[in-house]
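Each chain, written out:
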Amino acid sequence: MITAGIIGATGYTGFELFRLLVKHSKVELAWATSETYCGKLFSDVYPHLKGINDMILKALPEIQQDQVDVVFCCLPHRTAMSVVPSFLEKQTKVVDLSADFRMGTADSYSRWYEVEHSCPRLLGQAVYGLPELNRDLISKASLVANPGCYPTSVILPLAPFLEKDLIEETDIIIDSKSGVSGAGRKLSLRAHFVEINENIVPYDIGRLHRHTGEIEEQLSNLANRQCRVLFSPHIVPMERGILSTIYVKLKEDISQEQALGIITNRYNDEPFIRVLADRLPETRFVQGTNRCDIAVSKVDGTNRLVVISAIDNLLKGASGQAVQDMNLMFGFKETEGLQ
Ligand SMILES: NC(=O)c1ccc[n+]([C@@H]2O[C@H](COP(=O)([O-])OP(=O)(O)OC[C@H]3O[C@@H](n4cnc5c(N)ncnc54)[C@H](OP(=O)(O)O)[C@@H]3O)[C@@H](O)[C@H]2O)c1
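The rules we used
Residues numbered from 1 in each chain as written. Predicted model: local features only at pLDDT ≥ 70, side-chain atom pairs only at ≥ 80, totals over all residues. Heavy atoms only, no water. Helix = DSSP H or I, 4+ residues; strand = E, 2+ residues; numbered from the N terminus. Pairing = 2+ DSSP bridges. Contact = heavy atoms within 4.5 Å. Axes fitted to C-alpha atoms, helices over the stretch in contact; angles between N-to-C directions. Core = buried A, V, L, I, M, F, W, Y, C linked by side-chain atoms within 4.5 Å. Buried < 20%, exposed > 50% of the residue type's maximum accessible area, 1.4 Å probe, protein only.

A.B. asks: When you look at unusual backbone geometry in this model, what are you seeing that I'm missing?
C.D. replies: Apart from glycine, the bulk of residues carry a negative phi angle, and the bulk of peptide bonds sit in the trans form. In this model, Asp204 sits at a positive phi of 45°, which is unusual for a non-glycine residue. Among the secondary structure elements, Asp204 is positioned in the loop between strand 8 (201–202) and helix 9 (211–223). Phi at Asn224 is positive, roughly 65°, even though this residue is not glycine. Topologically, Asn224 is positioned in the loop between helix 9 and strand 9 (229–235).

A.B. asks: How should the sheet that holds strand 6 (residues 143–145) be read in this particular structure?
C.D. replies: The strands making up a sheet associate through hydrogen bonds between their backbones, and the pairing can be parallel or antiparallel. With respect to topology, six strands assemble into an open sheet ordered 2-1-3-4-6-5, the strand pairing being parallel. Each edge of the sheet is formed by a strand with only one pairing partner; in this case those strands are strand 2 (27–32) and strand 5 (127–128). Two elements, strand 4 (residues 93–96) and strand 6, share three bridges in a ladder whose sense is parallel. By the bridge assignment for strand 6, Val94 is matched with Leu143. Where helix 1 (residues 12–22) meets the sheet, its contacts fall on strand 1 (2–7), strand 2 and strand 3 (70–73), and the angle it forms with strand 1 comes to roughly 165°.

A.B. asks: Honestly, the nonpolar core in this entry has me stumped. Any pointers?
C.D. replies: Note on soluble globular proteins: their nonpolar side chains tend to be buried together. The biggest cluster of nonpolar side chains holds 44 residues, and the ones touching the most others in it are Leu158, Phe161, Leu219 and Val307. Within the residue set of this core, elements represented by two or more residues are helix 7 (149–163), strand 7 (167–178), helix 9, strand 9, strand 10 (242–250), helix 10 (256–267), strand 12 (292–298) and strand 13 (304–311). No other element matches helix 7, which puts nine residues into this core. When residues no more than four places from it in sequence are discounted, the contact partners of Val307 are Pro157, Leu158, Phe161, Ser244, Thr245, Ile246, Val248, Ile294, Ala295 and Val296. Judged by nonpolar contacts, the second largest core, of 37 residues, contains Leu20, Val45, Tyr46 and Val144.

Take a look at the structure:
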């Protein structure tokens, strides 16, 4: 058994982690923090936990002396980087769900997040926590940067084609649609029922969204050359889920069967990737799971391939992936607590 703590436990990703960790057979949850609700029971914030787990939420300063084996940091970006280093100094392993350790350099971080990074030396140490790409590195890491939800939905379906140098790396068009929980639990006008119900909202179209940098950095690593994407996110009136439809240009002519074969072979042994041959991904069929569903569609008479993926933004796009990373970091079965 290992001990774990959750920082920022009352947010949407924190709550999902809490739910996963309390039933994980190898983990004892030692504490969970909230600055707004400290001193209250977790079940006061999320009443469906009443009688299941009535842990008292603590403020961050209260848990600084409590040693645990792993900490999950579920704070907003720009805040996480001020909290994570103190845990690493105590030899505690950290899975950070924010974007603060995902970028390779301090320059790229400040370009996309518009602040200086406060501990740039840790950027070189952090491992990008996408198990399907970085399994070995994650298993040896003390700091894992859990990938963003949109980037997970984009990198997984494109990786098999970039690794084989099959697609034009500067002609990648991504159309993504996300449920409202992707924006977190904090109040915002855009998430009000009347604003989002019966509505679809495009935002940060083109190259404006901060995940553009993360996506390009990871795709470039895979392709071994600079990738450029157009990324157009949308918020749609559902609680959770991301559907990404990605348009790429093929460097050589391959058939629908060949495209499907490439992606199937790449992910044959992956427990959380399901390649669909006979239907297209839909968010409702991955909801509540740590899976990524992927399908491809070759457009006849063109050199275009359309790649489609669906994930649950709070699981494979956040807390489920974080538990998958923790399982690797501690040598547990990768699927433990996730099936
Ligand atoms: N939502 C998603 O689908 C998703 C997916 C992938 C990654 N992420 C990333 O994961 C992180 C958490 O996301 P979320 O959706 O769970 O956010 P959220 O619902 O807004 O929750 C954020 C949590 O952080 C705490 N917090 C906020 N500001 C703080 C501060 N200055 N100091 C200490 N605690 C603070 C809040 O705690 P109290 O108010 O209780 O104190 C709350 O528990 C973010 O970095 C986000 O970008 C989110």
